[in-house]
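# Coordinates in review
These are the residues of each chain, in order.
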Amino acid sequence: MGFVPIWDTMGLRASRSQLVSFEGTVLREDRRCPPATVQRPNHIAAGLAFLSLGIADAAEQALISHARSRVIPATGEPLAGMQWLRFEVADVHARLEASLMYARNMAWLADQNSPEFLPATMTAKVLANDIARDVAQVALKAGGGSGFLRTSPIQRLFRDAQAGGLMAYSAEVSKDRIGKTVLLPQD
């Protein structure tokens, strides 16, 4: 068994995903999984939305912490008191909650072995990827120069948020499938 060294990414460095290579390996018959008796969708895709939602949640928490503790020198008021930031936070928070509810529904569809599960994974992934990037962007904007420093958790979360849309299926592939379902007649 060997590990293929391909995972040196800009973001999601802590995930340590790796390709594993098996050469000359034979799995004993009693250790093999029998074929499924009922057709079930691959549930691996369900986790991708939750990966981005976790990043979005962490970015929101970093944003809140920074906004509450950062005092604007010119006013003596915390950054959290600025209306522009409260509006942006309200927007991303509401969208994060909606994305989470959709992802939970997608997971429920998986539990029901619903044919709607696979299409829902793509929608959940797109929603979660978008909100992760958007929350991280607001956090970076609120963090200003200090949010861009290597010592800031905001910069790492910003980089991590970019990865979800690139993971299979990419955001573009997912959106193409969603658009095709909406626009083209079903046979």
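A brief structural summary.

## Observations concerning the environment of S65
Mapped onto the secondary structure, S65 falls in helix 1 (residues 46-69). Placed 118 residues apart in sequence, S65 and L183 show a C-alpha to C-alpha distance of 43 Å.

## Thoughts on the packing of helix 1 against helix 3 (residues 117-147)
In the contact formed by helix 1 and helix 3, the axes pass within 8 Å of each other and the chain directions differ by 20 degrees. The angle between helix 1 and helix 3 falls in the class roughly parallel. When the axes of helix 1 and helix 3 are compared, the crossing they make is left-handed.

## A closer look at the side chain of Q155
Along the chain, Q155 falls in helix 4 (residues 153-163). On the basis of relative accessible area, Q155 is assigned to the buried category, the value being 13%. In this structure the side chain of Q155 is engaged in a polar contact, spanning 3.3 Å, whose partner is the backbone oxygen of S152. Excluding anything up to four places from it in sequence, Q155 contacts G147, F148, L149 and R150.

## A word on the environment of L183
Within the secondary structure layout, L183 lies in helix 5 (residues 171-183). Accessibility expressed as a relative area gives 71% for L183, which makes it exposed. Spatially, the C-alpha atom of L183 lies 16 Å from that of E172, the residues being 11 residues apart in sequence.

## Here's the deal with the pattern of salt bridges
Applying the stated criterion to the full structure yields six salt bridges. Its salt-bridge partner being D91, residue R95 comes within 3.5 Å of it at the nearest N-O pair. With R95 and D91 both in helix 2 (residues 83-111) and four residues apart, this pair spans about one turn of that helix. Note that D160 is salt-bridged to R156, the shortest N-O span being 3.0 Å.

## Some details on the environment of A171
Following the sequence through the fold, A171 ends up in helix 5. By relative accessible area, which is 7% here, A171 ends up buried. Once residues lying within four places of it in the same chain are set aside, the contact partners of A171 are K125, V126 and G165.

## Digging into the packing of helix 3 against helix 5
Here helix 3 crosses helix 5 at 135 degrees, and the two axes come no closer than 9 Å. Taken together, the axes of helix 3 and helix 5 are oblique relative to one another. Crossing angle aside, the handedness with which helix 3 passes helix 5 is left-handed. On helix 5, the residues touching M122, T123, K125, V126 and D130 of helix 3 are A171, S174, K175, R177 and I178.

## Structural notes on the nonpolar core
Note on soluble globular proteins: their nonpolar side chains tend to be buried together. Counting residues in hydrophobic clusters, the biggest one holds 33 residues, and the most contacted among them are L85, M106 and I131. Those elements that provide at least two residues to this core are helix 1, helix 2, helix 3 and helix 4. Looking at which element gives the most residues to this core, the answer is helix 3, with 12 residues. The residues touching M106, leaving out its near neighbours within four places in the chain, are A46, A49, F50, F117, A120, T121 and A124.

Conventions adopted
Residues numbered from 1 in each chain as written. Predicted model: local features only at pLDDT ≥ 70, side-chain atom pairs only at ≥ 80, totals over all residues. Heavy atoms only, no water. Helix = DSSP H or I, 4+ residues; strand = E, 2+ residues; numbered from the N terminus. Axes fitted to C-alpha atoms, helices over the stretch in contact; angles between N-to-C directions. Parallel < 35°, antiparallel > 145°, perpendicular 65-115°, else oblique. Left-handed = near helix turned anticlockwise from the far one by under 90°. Buried < 20%, exposed > 50% of the residue type's maximum accessible area, 1.4 Å probe, protein only. Polar contact = N/O pair within 3.5 Å; in protein donor to acceptor, adjacent residues only side chain to side chain. Contact = heavy atoms within 4.5 Å. Salt bridge = Lys/Arg side-chain N within 4 Å of Asp/Glu carboxyl O. Core = buried A, V, L, I, M, F, W, Y, C linked by side-chain atoms within 4.5 Å.

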